[in-house]
Amino acid sequence: QVQLVESGGGLVQAGGSLRLSCAASGRAFSSYAMGWFRQAPGKEREFVATINWSGGGTIYASSVKGRFTISRDSAKNTVYLQMNSLKPEDTAVYYCALRYSSDYTVYASAYNDWGRGTQVTVSS
């Protein structure tokens, strides 16, 4: 099992930026796809972005495409989510997840390990 710890959340005004980090330990991080998901109060967890094992392939939710960027640094066992032009509707708890596969997917059920999440609040 891999331990995942998110950081970088906080309170930001609309139009601002945040960078989330997810540090992984306990397994060969560089071989696996990673994803970011989020859950707003009263809503189901939703897909945000995913990246394949090499970092050469990414997929974004339509709601964040062009504003968010997912990346990974295998030397640091860390995946990032750069969030720009934030909107109040981006307010949620953000989770990173690891999939025991080199291929990425948008489906939360396909991920094996999850972090505890970090709160992102965007004020209007």
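Residues numbered from 1 in each chain as written. Predicted model: local features only at pLDDT ≥ 70, side-chain atom pairs only at ≥ 80, totals over all residues. Heavy atoms only, no water.

A. Spotlight on the side chain of R67. One can find R67 in the loop between β6 (58-60) and β7 (68-73). When its relative accessible area of 11% is taken as the criterion, R67 is described as buried. There is a polar contact of 2.9 Å between the side chain of R67 and the backbone oxygen of S63. A distance of 2.9 Å separates a polar side-chain atom of R67 from the backbone oxygen of S85. Residue contacts for R67: discarding those within four places in its chain leaves Q82, M83, N84, S85, L86, K87 and D90. (Helix = DSSP H or I, 4+ residues; strand = E, 2+ residues; numbered from the N terminus. Buried < 20%, exposed > 50% of the residue type's maximum accessible area, 1.4 Å probe, protein only. Polar contact = N/O pair within 3.5 Å; in protein donor to acceptor, adjacent residues only side chain to side chain. Contact = heavy atoms within 4.5 Å.)

B. Up close: the sheet that holds strand β1 (residues 3-7). What the four strands build is an open sheet, ordered β1-β3-β8-β7; its pairing is antiparallel. Across the chains shown, the open sheet's two edge strands, defined by having one partner strand only, are β1 and β7. The average angle at which neighbouring strand axes cross in this sheet is 15 degrees, direction not considered. In terms of strand pairing, β1 meets strand β3 (residues 18-25) through five bridges, oriented antiparallel. Counterpart to S7 in the pairing with β3 is S21. (Pairing = 2+ DSSP bridges. Axes fitted to C-alpha atoms, helices over the stretch in contact; angles between N-to-C directions.)

C. Representation of the pairing of strand β4 (residues 33-39) in the model. Among the seven residues that make up β4, six are buried, leaving the element largely enclosed by the rest of the structure. Sheet topology places β4 next to strand β9 (residues 92-99); seven bridges connect them, and they run antiparallel. Bridge assignment links R38 to a residue of β9, and that residue is Y94. As paired elements, β4 and strand β5 (residues 46-51) share five bridges and run antiparallel to each other. Among the inter-strand pairings, R38 is bridged to a residue of β5, identified as E46.

D. Geometry of the packing of aromatic side chains. In total, this model carries five aromatic pairs according to the counting rule given. With a centroid separation of 5.2 Å and an interplanar angle of 75 degrees, the aromatic rings of F37 and Y111 are classed as edge-to-face. A residue pair is termed long-range when its members are at least 10 positions apart, and F37 in strand β4 and Y111 in the loop between β9 and β10 (113-114) qualify at 74 residues. When its relative accessible area of 5% is taken as the criterion, Y111 is described as buried. (Phe/Tyr/Trp six-rings, centres within 6.5 Å; stacked < 30°, edge-to-face > 60°.)

E. Geometry of unusual backbone geometry. One non-glycine residue, N77, lies in positive phi territory at about 50 degrees. Mapped onto the secondary structure, N77 falls in the loop between β7 and β8 (78-83). Look at S85: it is not a glycine, yet its phi comes out positive at around 50 degrees. In this structure, S85 sits in the loop between β8 and β9. By relative accessible area, S85 is classed as partly exposed at 41%.

Scope: geometric values only; no functional claims are made or implied.
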